[in-house]
Amino acid sequence: MPVLPGAEPFRHEGGEAGVLLCHGFTGSPQSLRPWAQHLAEHGLTVSLPLLPGHGTRWQDMALTGWQDWYAEVDRELRALSERCSSVFVAGLSMGGTLALRLAAKHGDAVSGVVVVNPANRMHGLAPYALPVARHFVRTAPGIASDIAKEGSVELGYDKVPLHAAHSLRTFFRQVDGELPQVTQPLLVLRSAQDHVVPAADSARVLSRVSSTDVTEIVLEQSYHVATLDHDAERIFDESLAFIGRHTTGIGSEGTAARG
């Protein structure tokens, strides 16, 4: 299936410091593109891949699972590591979960982690029905576009395939057990109001990681997709400053951004 307009991956060849950005569950690179462009404009090498099953039709996503999504960002991290002297991982929602697993698994190859409203578990009673319900019901209502800013829209599926949701629940459990292996500097940005991922998830991440250099910032004016919301510029600036503190130099601008 063709990729939806706006959901295309983004890459930019910049300096020696690289950043891998990971988008969220049922979303696409569109939700992080302004962030990626901001980092690219400041000379960073940036990779924002499209996760398998995303950015086309929800039926395609129903055929994928967390191993597929993680394998994609793992490949991108390895490619960035060959190109850059320091690499940072960042993500929104499930993308934050992916970034945290990359940090846990790759150790010193990751210089720092930035997560926005990171997801850690599925809440309520509904997730407990997923192992059985997914065989009888194909989808649940979508979760995209939880944004306070008027006129700002996230490009994501209007339905959640339950097979993929079941895999996501398994992934959350997997990563929760790996969080103590995260030792890198960590920046957590969370929204004061989030209708998709509660503040408890960020609190759980902060309580489980082994990082000693940890910063938490509360975004007062944004909902879940804060990278497209009122606090977007703050996310861009804080992440750039965080990277600047933890690398020898952001470097000079490279070739024009593409994507």
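Residues numbered from 1 in each chain as written. Predicted model: local features only at pLDDT ≥ 70, side-chain atom pairs only at ≥ 80, totals over all residues. Heavy atoms only, no water.

Draft legend 1. Quick look at the overall build of the protein. Looking only at helices and strands, the protein has eight helices and nine strands in total. With respect to the three principal axes, the spread of C-alpha positions in the protein is 55 × 40 × 35 Å. Here the protein holds 259 residues, and 54% of them are scored as buried. At a minimum sequence separation of 6, the contacts of the protein that also span at least 24 residues come to 78%. Taking the 21 positively charged and 28 negatively charged side chains of the protein as two groups, their mean positions are separated by 9 Å. (Helix = DSSP H or I, 4+ residues; strand = E, 2+ residues; numbered from the N terminus. Buried < 20%, exposed > 50% of the residue type's maximum accessible area, 1.4 Å probe, protein only. Contact = heavy atoms within 4.5 Å. Lys, Arg positive; Asp, Glu negative; His and termini not counted. Charge placed at Lys NZ, Arg CZ, Asp CG, Glu CD.)

Draft legend 2. Fine view of the sheet that holds strand β2 (residues 17-22). On the basis of which strands lie adjacent, the open sheet formed by seven strands has the order β1-β3-β2-β4-β5-β8-β9 and mixed pairing. Strands at the two margins of the open sheet, each flanked by one partner only, are β1 (10-12) and β9 (214-219). Each adjacent strand pair in this sheet contributes to an overall mean axis angle of 15°, direction not counted. One ladder, built from six bridges, connects strand β8 (residues 186-191) with β9; its direction is parallel. Its bridge partner lying in β9, Arg190 is registered against Val218. The sheet strands contacting helix α4 (residues 94-106) are β2, β4 (86-92), β5 (112-116) and β8, and the helix crosses β4 at an angle near 150°. Lying on the sheet, helix α7 (residues 199-208) is in contact with β8 and β9; it crosses β8 at an angle near 165°. (Pairing = 2+ DSSP bridges. Axes fitted to C-alpha atoms, helices over the stretch in contact; angles between N-to-C directions.)

Draft legend 3. A look at the pattern of salt bridges. Taken as a whole and assessed by the stated rule, the structure comprises 13 salt bridges. Residue Asp74 is joined to Arg78 by a salt bridge in which the shortest nitrogen-to-oxygen separation is 2.7 Å. With Asp74 and Arg78 both in helix α3 (residues 66-83) and four residues apart, the pair spans about one turn of that helix. Taking the relative accessible area as the measure of exposure, Asp74 reaches 12% and is therefore buried. Put simply, Lys105 and Glu178 hold a salt bridge, and the shortest N to O gap is 3.6 Å. Of the two residues, Lys105 is situated in helix α4 and Glu178 in helix α6 (residues 162-178); the sequence distance between them amounts to 73 residues. A relative accessible area of 44% means that Lys105 is categorised as partly exposed. Note on Glu178: relative accessible area 5%, which makes it buried. One salt-bridge network, in which partners are shared between bridges, spans Glu13, Glu16 and Arg83. (Salt bridge = Lys/Arg side-chain N within 4 Å of Asp/Glu carboxyl O.)

No statement about biological role is implied by the geometric values presented.
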